[in-house]
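What the coordinates show
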Amino acid sequence: MKKLLLCIICAFALSCEKPTNEPATNPSGSVGMEIKEGIAIFSDMETFLSASEKIGALNSKDYDRWSKDNKFFSRYTEYQGEIEKKTLSESDLRPGGSLIKDEEGGYLHLNSVNSNYARITNKDGLVIVGGSTYQFTYKEIKKIDGTSQSAIASLLNSKTKAEYGANGITASEVKIVSTTAPNARTSDESVVIERKTQQGNDIGGDLFWKWYVEATLEIRGYSIPGCAICPTPTPGGYIYRYTAVVDLVYFANGLLQKDKEIPERYELAWSFVRHRPPLVENQGETITGSYIESGIRTISKTISDGGKILSYDIEAKALDDRFNGTLKTSSTRLIRTQ
């Protein structure tokens, strides 16, 4: 009788459990990551690159939840907190910080090779991979053997080639377009890099204010020091990877000021042809994808990492329903044919 009563109580208790619709948050262990003293640790480069793709695919809400669950404060988290502010004067541009301004008076952007890496490096861009410490920034990638506090200090404090050599640091420059022109491209035997900025249509219908999405695509070339699994040979004999990053901002642009606004949502869709060995040069595979985000002022989204992009068609949208309750769309398409 007691056993029967116990079974009935257990069945009742189980039936009263409330199902949850909360999305599952990946623990750091599920992507092969350990966190010590605020720095993510990976056993090898393959695990690091795989984790960057998985964590990079999360939307902002899921990533925030993942970061909090793992007590991890990343370069991307710091960047998002600063870029969300409306004006430059409100932003904290700390030296070597997560948010930097283009030297030629251009725009604010994430101080990392791409947003995927920024999500799993700490606020200083540091990560430990296979017994070495790396620092990823917008303009270079540095590596030092070892993971001690003295090694990390040397990596952070060394600024010149002479200091790199004296402290056993290897570095690789990130190839970026040096001009802030809206449509700029550099092509030589070693690398093809590009920056393209376009504005969407005005949806405000106001004489003194324009409301529109602005999309910036950057294709950057880079190599990771000491990475044996990720080189991409080029005709000139150089070793480069390529990453494509899209930044979206929604602006209210008036006669006297220009503010970043929060649309009802952003939509991003892409299709591109990407070359990777062993494919013949100038032949590639077609990659498609899409991304939807809401509740934030700006997006920095890595849509490709690894191979050379031969052509692309990227559509960016900002949807806003503040105009008499009607949902309007500002959109633009970034296109390059092969």
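Quick caveat: nothing in here was measured; it's all calculated off a predicted structure.

**A word on helix α3 (residues 60–69)**
The periodicity of an α-helix, 3.6 residues per turn, causes residues three or four places apart in sequence to face the same way. Taken residue by residue, α3 has S60, Y63, W66 and S67 as its buried positions. Along the axis of α3, the buried positions cluster into a sector of 125°, meaning they face one direction only. Along α3, the residues that are exposed and aim more than 90 degrees away from the buried face are K61 and K68. Each element contacted by the buried residues of α3 is listed here: α2 (45–56), α4 (75–83) and β15 (285–293). N-cap assignment for α3: the residue whose side-chain oxygen lies 3.2 Å from the backbone N of K61 is N59.

**So, unusual backbone geometry**
At E37, a residue that is not glycine, the phi angle is positive and equals roughly 50°. Looking at where E37 falls in the secondary structure, it is placed in the loop between β1 (34–36) and β2 (39–42). We classify E37 as exposed; its relative accessible area is 72%. Even without a glycine there, the phi angle at N324 is positive, about 55°. Owing to a relative accessible area of 81%, N324 belongs among the exposed residues under this scheme.

**Observations regarding the sheet that holds strand β18 (residues 326–336)**
The strand order across the open sheet formed by four strands is β15-β14-β17-β18, and the pairing between neighbours is antiparallel. Each of the sheet's edge strands pairs with one partner strand only, and the pair in question is β15 and β18. Neighbouring strand axes in the sheet, compared pairwise and without regard to direction, differ in orientation by 10° on average. Bridge count between strand β14 (residues 265–275) and β15: nine bridges; the pairing is antiparallel. Across the sheet, the residue bridging to V273 is T286, located in β15.

**Examining α2**
With twelve residues, α2 ought to run about 16 Å at 1.5 Å a step, and its terminal C-alpha atoms sit 16 Å apart, in line with that. With a side-chain oxygen positioned 3.4 Å from the backbone nitrogen of E46, the residue opening α2 is D44.

**Comments concerning the side chain of S300**
The residue S300 is located in strand β16 (residues 298–306) in this model. Side chain to side chain, S300 and D247 meet in a polar contact 2.9 Å long. With residues near it in sequence (within four places) discarded, S300 still touches Y76, Y79, L110, S115, V245, V246 and D247.

**Structural notes on the sheet that holds β2**
Sheet architecture is open: six strands sit in the order β1-β2-β5-β6-β7-β8, paired in mixed fashion. Because the sheet does not close on itself, it has two edges, and the strands there are β1 and β8 (169–173). Averaged over all neighbouring strand pairs, the angle between strand axes comes to 25°, with direction disregarded. Here strand β6 (residues 132–136) runs beside strand β7 (residues 140–145); their pairing, made up of five bridges, is antiparallel.

**Here's the deal with the confidence of the model for the protein chain**
Averaged over all residues, the pLDDT of the protein chain is 84; the fraction at 70 or higher stands at 83%. Considering only residues more than four positions removed or in separate chains, one finds that residues 1–26, a stretch of pLDDT under 50, has eight contacts.

**Comments concerning the pattern of salt bridges**
A side chain with one charge can pair with a side chain of the opposite charge if their charged atoms come near. Inspection of the entire model under this criterion finds 16 salt bridges. In this structure, D145 engages K143 in a salt bridge whose closest nitrogen and oxygen atoms are separated by 2.9 Å. Overall, the relative accessible area of 55% leaves D145 in the exposed class. The closest approach of N and O atoms between E173 and K175, which form a salt bridge, is 3.6 Å. In this structure, a network of salt bridges that share partners links the residues E194, K196 and R336.

**Description of the nonpolar core**
If you look at the biggest cluster of nonpolar residues, it comprises 32 residues, and the most contacted ones within it are F48, F136 and I224. Among the elements of the structure, β2, α2, α3, α4, α5 (115–118), β5 (126–129) and β6 are those that each provide at least two residues to this core. Ranked by residues supplied to this core, first place goes to α2 with five residues.

**Considering a nonpolar patch on the surface**
Together, L207, F208, L255 and L256 line one region of the surface with nonpolar side chains, adding up to about 570 Å² of accessible area. Assignment of secondary structure puts F208 in the loop between β10 (192–199) and β11 (209–222).

**Some points on the packing of aromatic side chains**
By the definition in use, this model includes 13 aromatic pairs. Pairing F42 with F48 gives two aromatic rings, centres 5.5 Å apart and planes at 75°, and the pair type is edge-to-face. The exposure class assigned to F42 is buried, which follows from its relative accessible area of 2%. With relative accessibility at 0%, the residue F48 sits in the buried group. Summarising the aromatic geometry, the rings of Y117 and Y222 are spaced 6.2 Å apart at their centres and angled 85° between planes, so their arrangement reads as edge-to-face. On the criterion of sequence distance, the pair formed by Y117 in helix α5 and Y222 in strand β11 is long-range, its members being 105 residues apart. Judged by relative accessible area, which is 0%, Y117 ranks as buried. Ring pairs connect the aromatic residues F42, F48, Y117, Y134, F136 and Y222, which therefore count as one cluster. Stacked on the ring of Y76, the Lys or Arg R119 has its end atom at 4.6 Å from the ring centre. Sitting over the ring of Y291, K301 keeps its end group 4.4 Å from the ring centre.

Here is what the cut-offs are and how they apply
Throughout, a residue's number is its position along its own chain's written sequence, starting from 1. In view of the model being predicted, local features appear only for residues whose pLDDT reaches at least 70, and side-chain atom pairs are presented and counted only at 80 or more, with totals across whole chains, interfaces and linings using the full set of residues. Calculation of side-chain values draws on the structure's entire complement of heavy atoms; hydrogens and water are dropped beforehand. Working definition: with a 1.4 Å probe on protein chains only, accessible area under 20% of the residue-type maximum means buried, over 50% means exposed, and in between means partly exposed. Think of it this way: any DSSP run of H or I at least four residues long counts as a helix, any run of E at least two long counts as a strand, and we number them from the N terminus. Arc definition: directions from the helix axis to the C-beta atoms. It only takes one pair of heavy atoms within 4.5 Å for two residues to be counted as in contact. Throughout this description, a polar contact denotes any pair of N or O atoms lying within 3.5 Å of each other; where both atoms belong to protein, one of them has to be capable of donating a hydrogen while the other can accept it, and for residues adjacent in sequence the pair is counted only when both atoms sit in side chains. Two strands qualify as a pair provided that DSSP identifies no fewer than 2 bridges between them. For helices, the fitted line uses only the C-alpha atoms of the stretch in contact; every axis is such a line through C-alpha atoms, and the angle between N-to-C directions lies from 0 to 180 degrees. Take the number of residues in a helix, subtract one, and multiply by 1.5 Å to get its expected span. Each residue carries a pLDDT value, the predictor's own confidence for that position, ranging from 0 to 100. Salt bridges, as used here, are contacts in which a Lys or Arg side-chain nitrogen is within 4 Å of a carboxyl oxygen on Asp or Glu. The set of buried Ala, Val, Leu, Ile, Met, Phe, Trp, Tyr and Cys residues whose side-chain atoms join them within 4.5 Å is what this entry labels a nonpolar core. The residues that make up patches have over 30% relative accessible area and no salt bridge, and they are joined within 9 Å when like-charged or within 5 Å when they are Val, Leu, Ile, Met, Phe, Trp or Tyr. Under the convention used here, a 1.4 Å probe and the Shrake-Rupley method define accessible areas, while residue burial counts only the protein chains that appear. The criterion for an aromatic pair is that two Phe, Tyr or Trp rings (for Trp, the six-membered ring) have centres within 6.5 Å, with stacked assigned to planes under 30 degrees apart, edge-to-face to planes over 60 apart and tilted to the rest. A positively charged side chain is recorded as over a ring if its NZ (Lys) or CZ (Arg) lies within 6 Å of the ring centre. The angle to the ring normal must also be within 35 degrees.

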